[in-house]
Amino acid sequence: MSALWSVGAGLLLLLLWVRHRGLEAVLVHHRWVFVCLFLLPLSILFDIYYQLRAWAVWRLHSAPRQHAQRVRHIQEQVREWKKEGSKRYMCTGRPGWLTVSLRVGKYKKTHKNIMINLMDVLEVDSERQVVRVEPLVSMGQLTAYLNPMGWTVPVVPELDDLTVGGLIMGTGIESSSHIYGLFQHTCVAYELVLADGSLVRCSPTENSDLFYAVPWSCGTLGFLVAAEIKIIPAKKYVKIHYKPVRGLQKICEKFTEESKKKENSFVEGLMYSLDEAVIMTGVLTDEAEQSKINRIGNYYKPWFFKHVEKYLKADRTGVEYIPSRHYYHRHTRSIFWELQDIIPFGNNPVFRYLFGWMVPPKISLLKLTQGEAIRKLYEQHHVVQDMLVPMKSLEKSIQTFHVDLNVYPIWLCPFILPNNPGMVHPKGNETELYVDIGAYGEPKSKQFEARASMRQMEKFVRSVHGFQMLYADCYMTREEFWDMFDGSLYHKLREQMNCKDAFPEVYDKICKAARH
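Residues numbered from 1 in each chain as written. Predicted model: local features only at pLDDT ≥ 70, side-chain atom pairs only at ≥ 80, totals over all residues. Heavy atoms only, no water.

Per an unreviewed UniProt entry, the protein chain goes by Delta(24)-sterol reductase and derives from Callaeas wilsoni. The heading Function (unreviewed entry) in the UniProt record of the protein chain holds the text "Catalyzes the reduction of the delta-24 double bond of sterol intermediates during cholesterol biosynthesis. In addition to its cholesterol-synthesizing activity, can protect cells from oxidative stress by reducing caspase 3 activity during apoptosis induced by oxidative stress. Also protects against amyloid-beta peptide-induced apoptosis." Note on the protein chain: under the UniProt heading Cofactor (unreviewed entry), the record states "FAD". (UniProt positions renumbered as here; feature names shortened; annotations may be inferred.)

Dropping the structure here:
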């Protein structure tokens, strides 16, 4: 009884404090209160629901049976839209707050919402080494399904909640991308419901134009209903080497050198300042030295980027063996390093041991509850951007990031970009090595102003024939956007498949200049 009185008294004091400060002030300046008391428990309930659902589907083997029926329902909705006179654009009925992108999708309120309830792994073909999945399957769900069977996908983008559909219609990358390319380059076929309600399968040899135009199109060519993705044999551990490097030129040289080595299964860099970084290389293995195994994904372990920083501060190299699934989702618990701005004490050992099992809060719930004040605050004083630039422009790019943003840590992830048709490809006729430069956090640059600074960044990226990931805020004009991306195949297909009355152009869907 005394415990209940204590809890009641604590809640009363909290409510009085919130009333005194004002709810908006608390949500903006003390967001951790709301996140810790409400969003973390809600996130746990979300996870439990989806895990129970996945278990039920697996036990009942219902997904393959019901997939065709679900697709027919989508086709019926599209045909109904046509009967109504095709008066509005179509979009998926999934609420905008459920997406991992921080952008607020206002178009959901004005477009015809097509309900797409497709979130199951359909089949694993061991002979072809392909897994067939529905678009709302998440990376956490997929690796949990494949790993016990001895398989994994070649590119496992960070964050458990990223979905296959989002990674195809947008893009995805991981530290294995210097071998396999972007997530789209590991896909061998897509199935889509088009603007006329027909179901089409496309691959490099079947409807190939559509196959190459789908990535980066953000759902403006049709509704993705299934995808076939390559799978490779999984191994138990990633043997990872940590190497601190100082001096920008040396950092770029070492990172480029390691990125060109195909014997490295994984290559990643974390920059903690303009001239300090830790470059990590990893190889898959089934053997491990027991004393060097680090189960970094356990809830009580330090956040990965903080763990890596220890090697920089101690100025020493190191070798560890991380269980493969822990490695694939190593940045999930801290949402890279974004969680330190939401829960400043989140990496404290006491918090980790007592409450780390509840971390991270769902990004979708953070979006749902952020409110207009927090949204504007983030928009003006926070950056979440991934810029893809040629490796040969790495040093110049980092200097530009430092001057315009000054956000650290910076994530460096190499990838090979083949000269395939579509919106994104190298300038020349050959495959080229690129690097993803990820900036997430509060800019320290004194002259930072969200729109002006990002337009300056976008201009630089265009000048080196780079690309901006489309999940983030984009400030380009239409002409600038299509200068960055190759729209020739995309526009050709939109004309051929009568998409112009069915779906907005990708620019109108994602760019601020078009949405405001």
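After that view, the rundown keeps rolling.
J.: Mind showing me how you'd approach the overall build of the protein chain here?
T.: Looking only at helices and strands, the protein chain features 21 helices and 17 strands. The proportion of buried residues among the 516 residues of the protein chain is 55%. Considering only contacts within the protein chain whose residues lie at least 6 apart along the sequence, 74% involve residues at least 24 apart. In the form shown here, the protein chain has an accessible surface area of approximately 23300 Å², with 55% of it arising from carbon and sulfur atoms. (Helix = DSSP H or I, 4+ residues; strand = E, 2+ residues; numbered from the N terminus. Buried < 20%, exposed > 50% of the residue type's maximum accessible area, 1.4 Å probe, protein only. Contact = heavy atoms within 4.5 Å. Areas by Shrake-Rupley, 256 points an atom, 1.4 Å probe, with all protein chains shown as cover.)

J.: What's the story with helix 19 (residues 488-496) in this structure? I'm lost.
T.: One turn of an α-helix holds 3.6 residues; hence residues three or four places apart share an orientation. Regarding helix 19, the residues found buried are L489, Y490, L493 and R494. Each buried residue of helix 19 lies within a common arc of 135° when the element is viewed along its axis, so the set occupies one face. Turned more than 90 degrees off the buried face of helix 19, the exposed positions are E495 and Q496. Where helix 19 is buried, its residues meet helix 8 (208-213), helix 18 (478-484) and helix 20 (506-510). (Arc of directions from axis to C-beta.)

J.: What should I look at first to understand the sheet that holds strand 6 (residues 187-193) in this one?
T.: Sheets are built from strands paired through backbone hydrogen bonds, the pairs being either parallel or antiparallel. Taken in spatial order, the 5 strands of this open sheet run 3-4-8-6-7, and their pairing is antiparallel. Whereas interior strands pair on both sides, the edge strands pair on one side only; in this sheet they are strand 3 (121-125) and strand 7 (199-202). Averaged over all neighbouring strand pairs, the angle between strand axes comes to 15°, with direction disregarded. Strand direction decides the pairing type here: strand 3 and strand 4 (residues 130-133), joined by 4 bridges, are antiparallel. (Pairing = 2+ DSSP bridges. Axes fitted to C-alpha atoms, helices over the stretch in contact; angles between N-to-C directions.)

J.: Where do I start with the packing of aromatic side chains in this structure?
T.: Remark: the centre distance and the inter-plane angle together describe each pair of aromatic rings, the angle taken between the planes. Applying the stated criterion to the full structure yields 25 aromatic pairs. Here the aromatic rings of W216 and F485 are separated by 5.6 Å at their centres, their planes lie at 45°, and the arrangement is tilted. Placement of W216 in the loop between helix 8 and strand 8 (223-230) and of F485 in the loop between helix 18 and helix 19 is noted, with a sequence separation of 269 residues between them. Side by side, W216 and F485 carry an identical accessibility label, which is buried. Grouping aromatic residues by their ring pairs yields a cluster made of W216, F415, Y434, F467, F481, W482, F485, Y490 and Y507. Seen from the ring of Y327, R330 lies directly overhead, with NZ or CZ sitting 4.1 Å from the centre. (Phe/Tyr/Trp six-rings, centres within 6.5 Å; stacked < 30°, edge-to-face > 60°. Lys NZ or Arg CZ within 6 Å of the ring centre and 35° of its normal.)

J.: Is there a simple way to explain the sheet that holds strand 13 (residues 318-323) in this structure?
T.: Here 8 strands make up an open sheet; going across it, the order is 13-10-12-11-15-16-14-17 and the pairing antiparallel. Edge strands, defined here as strands with exactly one partner in the open sheet, are strand 13 and strand 17 (467-468). On the sheet, helix 16 (residues 394-404) packs against strand 11 (266-273), strand 14 (383-390), strand 15 (410-417) and strand 16 (432-441) and is oriented at approximately 15° with respect to strand 16.

J.: Any chance you could explain the UniProt feature "transmembrane region" (unreviewed entry) in the protein chain here in plain terms?
T.: Using the residue numbers shown here, the UniProt feature "transmembrane region" (unreviewed entry) corresponds to residues 32-50. Structurally, residues 32-50 comprises 100% helix and 0% strand, and the distance from its first C-alpha atom to its last is 25 Å.

J.: How do you make sense of helix 17 (residues 450-463) when you look at a structure like this?
T.: Taking 1.5 Å as the rise per residue, helix 17 with 14 residues should run 20 Å; its terminal C-alpha atoms sit 20 Å apart, in good agreement. Considered for burial, the residues of helix 17 that qualify are A450, S453, M454, M457, E458, F460, V461 and R462. Remark: H465 follows helix 17 within two positions and exhibits a positive phi of approximately 60°. (Expected span 1.5 Å × (residues − 1).)

J.: In this structure, what is going on with the environment of A213? I would like to understand it.
T.: Looking at where A213 falls in the secondary structure, it is placed in helix 8. Between the C-alpha atom of A213 and that of N420, which follows or precedes it by 207 residues, the distance is 9.9 Å. Apart from the residues within four sequence positions on either side, A213 is in contact with L221, L489 and L493.

J.: Help me understand the nonpolar core in this model?
T.: Where a protein is soluble and globular, its nonpolar side chains tend to be buried together. Counting 145 residues, the largest nonpolar core has Y190, L210, F481 and F485 as its most contacted members. The dominant element in this core, judged by the number of residues it contributes, is strand 15, at 7 residues. Those residues in contact with Y190 that lie beyond four places of it in its chain are I168, Q184, V200, R201, C202, F211, V214, P215, L224, A226 and A227. (Core = buried A, V, L, I, M, F, W, Y, C linked by side-chain atoms within 4.5 Å.)

J.: Before we go on, may I ask you to explain the pairing of strand 12 (residues 276-285) in this structure?
T.: Residues in a regular strand project their side chains so that they alternate between the two faces of the sheet. Judged by how many residues are buried, strand 12 sits mostly within the fold: 7 of 10 residues are covered. Here strand 10 (residues 237-246) runs beside strand 12; their pairing, made up of 10 bridges, is antiparallel. Within strand 12, the position partnered with R246 by the bridge is E276. The pairing of strand 11 with strand 12 spans 7 bridges and is antiparallel.

J.: What is the right way to look at a nonpolar patch on the surface in this model?
T.: Nonpolar side chains collect at one region of the surface, where L42, L45, I48 and L52 lie side by side and expose about 370 Å² of accessible area between them. Within the secondary structure layout, I48 lies in helix 3 (residues 31-60). Assessed through its relative accessible area of 41%, I48 is described here as partly exposed. (Patch = residues over 30% accessible without salt bridge, like charges linked within 9 Å, V, L, I, M, F, W, Y side chains within 5 Å. Salt bridge = Lys/Arg side-chain N within 4 Å of Asp/Glu carboxyl O.)

J.: Where do I start with the side chain of R330 in this structure?
T.: Mapping R330 onto the fold places it in the loop between helix 11 (324-328) and helix 12 (339-342). By relative accessible area, which is 4% here, R330 ends up buried. Within polar-contact distance, the side chain of R330 engages the side chain of S175 at 3.5 Å. (Polar contact = N/O pair within 3.5 Å; in protein donor to acceptor, adjacent residues only side chain to side chain.)

J.: I tried to follow the state of the cysteines on my own but got confused; where do I start?
T.: What makes a disulfide is a covalent bond joining the sulfur atoms belonging to two cysteines. Overall, the coordinates contain 0 disulfides when judged by the stated rule. The cysteine C511 is free of any disulfide, with C474 supplying the nearest cysteine sulfur at 3.2 Å. (Disulfide = S-S within 2.5 Å.)

J.: Which parts of the structure should I look at to understand the pairing of strand 16?
T.: In terms of residue burial, strand 16 counts as a mostly covered element, since 10 of its 10 residues are buried. Both strand 14 and strand 16 contribute to a ladder of 8 bridges, which runs antiparallel. Across the sheet, P390 pairs through a bridge with Y434, a residue of strand 16. Pairing of strand 15 with strand 16 involves 8 bridges; the strand directions are antiparallel. Following the sheet pairing, L417 is matched in strand 16 by E432.

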